[in-house]
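Structure at a glance
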Amino acid sequence: MADLASDALRAAVGRARGLLRDAARVVVLTGAGVSAESGVPTFRGPGGLWKNYRAEDLATPGAFTRDPRLVWEWYGWRRSIVQQCVPNAAHVALAGAADRRVFRIVKQNVDGLHVEAAQSPAAQPLELHGSLFRMRCTRCTARRADRDVIDATSLETLPRCTACGALARPDIVWFGESLDANVLGEAMELASHADACLVVGTSALVHPAAGLADLTRRAGGAVIEVNVADTPLTNDATISLRGPAAVLVPELLAPDSDA
Ligand code: OAD
């Protein structure tokens, strides 16, 4: 554990490793911070603003109705960044753990890096908020995977539905929209029956995702938080670890080779 800055942190990581090792079922909730060390900007905090807009001002149905060009320009910008990024040590460690045991990743991110890190179906994340690399029609039900550069120079150049020709939109759950009921139901079920919930790199401000850790806690499970800053979950967490995900998550999940 050479990268861990203090004895207190090393001890807390040791305790958290024990909780995770003893947990028969683990659910992991991740947010933008898990991808920070891959170079993906978070939504809030330093670097979270884009041209003076906040995510909450752009990721809404109202924003898209008012100015679809602006919203697509933002998503095109996020896409172009993410396409140059690769999964970091946290994504890889989480995918590896999901291959070895009952361990399910529930992600808020739309960057696709957990999907890229997954080496098996067991490591595929449950996707709460959608994907930057899918779009769906604003008129019919068509959805499609898409990794092209977004041309948002004018309304005419924006992506269109290949089935009916109407304007397409990112396949992302926006503020004010409901999560897919099946996906949310599965996430709640996992969280309610988990012996431990590992929460990585989320500000825990956006519900219902932020409430998942509470389901585990109320059912008697442990909540382990990894974040560079305090969040609304910190006080109630069983263990809260301060530090970057790409350092702490591999430490938490490394197999006990020295045992
Ligand atoms: P936020 O940008 O709100 O929060 C990122 C969190 O990551 C903060 O708590 C940071 O302190 C933490 N963080 C930053 N760097 C880190 C690092 N290297 N290691 C560990 N933690 C780090 O992102 P989310 O909580 O994911 O919704 O935001 C939730 C949702 O709001 C997103 O899914 C998105 C957004 O609007 C949609 O796109 C629908």
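Residues numbered from 1 in each chain as written. Predicted model: local features only at pLDDT ≥ 70, side-chain atom pairs only at ≥ 80, totals over all residues. Heavy atoms only, no water.

**Description of the overall build of the protein chain**
Which entries qualify depends on this criterion: Helical segments are the DSSP runs of H or I of at least four residues, strand segments are the runs of E of at least two, and each set is numbered from the N terminus. The globule rule is 2.2 Å times the number of residues to the power 0.38, and the radius of gyration it is compared with is taken over C-alpha atoms. Any residue under 20% of the maximum accessible area for its type is buried, any over 50% is exposed, and the rest in between are partly exposed; the area is computed with a 1.4 Å probe on protein chains only. Residue contacts are defined here by distance: any two heavy atoms, one from each residue, within 4.5 Å place the two residues in contact. The method behind every accessible area is Shrake-Rupley, applied with a 1.4 Å probe, and residues are considered shielded solely by the protein chains displayed.
Per the secondary structure count, the protein chain includes 9 helices and 9 strands. Computed over its C-alpha atoms, the radius of gyration of the protein chain comes to 19 Å, within 12% of the 18 Å expected for a compact globule of 259 residues. Overall, the protein chain is about 60 × 35 × 35 Å in size when its C-alpha atoms are taken along their principal axes. Across the 259 residues that make up the protein chain, the buried fraction comes to 49%. Partitioning the intrachain contacts of the protein chain with sequence separation of at least 6 by distance along the chain shows that 67% fall at a separation of at least 24. Summed over its atoms, the accessible surface of the protein chain is roughly 12,100 Å², and 53% of this surface lies on carbon and sulfur atoms.

**Focus on the site of the ligand**
Basically, it comes down to this: One heavy atom within 4 Å of a molecule or strand makes the whole residue count as near it. Pairing of N or O atoms within 3.5 Å defines a polar contact, subject to two protein rules: one partner must be a possible hydrogen donor and the other a possible acceptor, and residues neighboring in sequence count only if both atoms are side-chain atoms. Basically, the charged four are Asp, Glu, Lys and Arg, the nonpolar ten are Ala, Val, Leu, Ile, Met, Phe, Trp, Tyr, Cys and Pro, and anything else, Gly included, counts as polar. For each domain, the first and last residues come from an automatic or database assignment.
Around the ligand sit 22 residues, and of these Phe-43, Arg-44, Thr-202, Ser-203 and Asn-227 come closest. Here a nitrogen atom of the ligand and a side-chain polar atom of Glu-37 are 3.1 Å apart. For the ligand, an oxygen atom lies 2.7 Å from a polar atom in the backbone of Phe-43. Notes on the ligand: free accessible area 790 Å², of which the protein chains cover 92%. Its residues assigned to classes, the shell around the ligand shows 10 nonpolar, 10 polar and 2 charged. Shared between two domains, the shell around the ligand holds at least three residues of each, these being domain 1 (1–40 + 87–129 + 179–259) and domain 2 (42–84 + 133–172).

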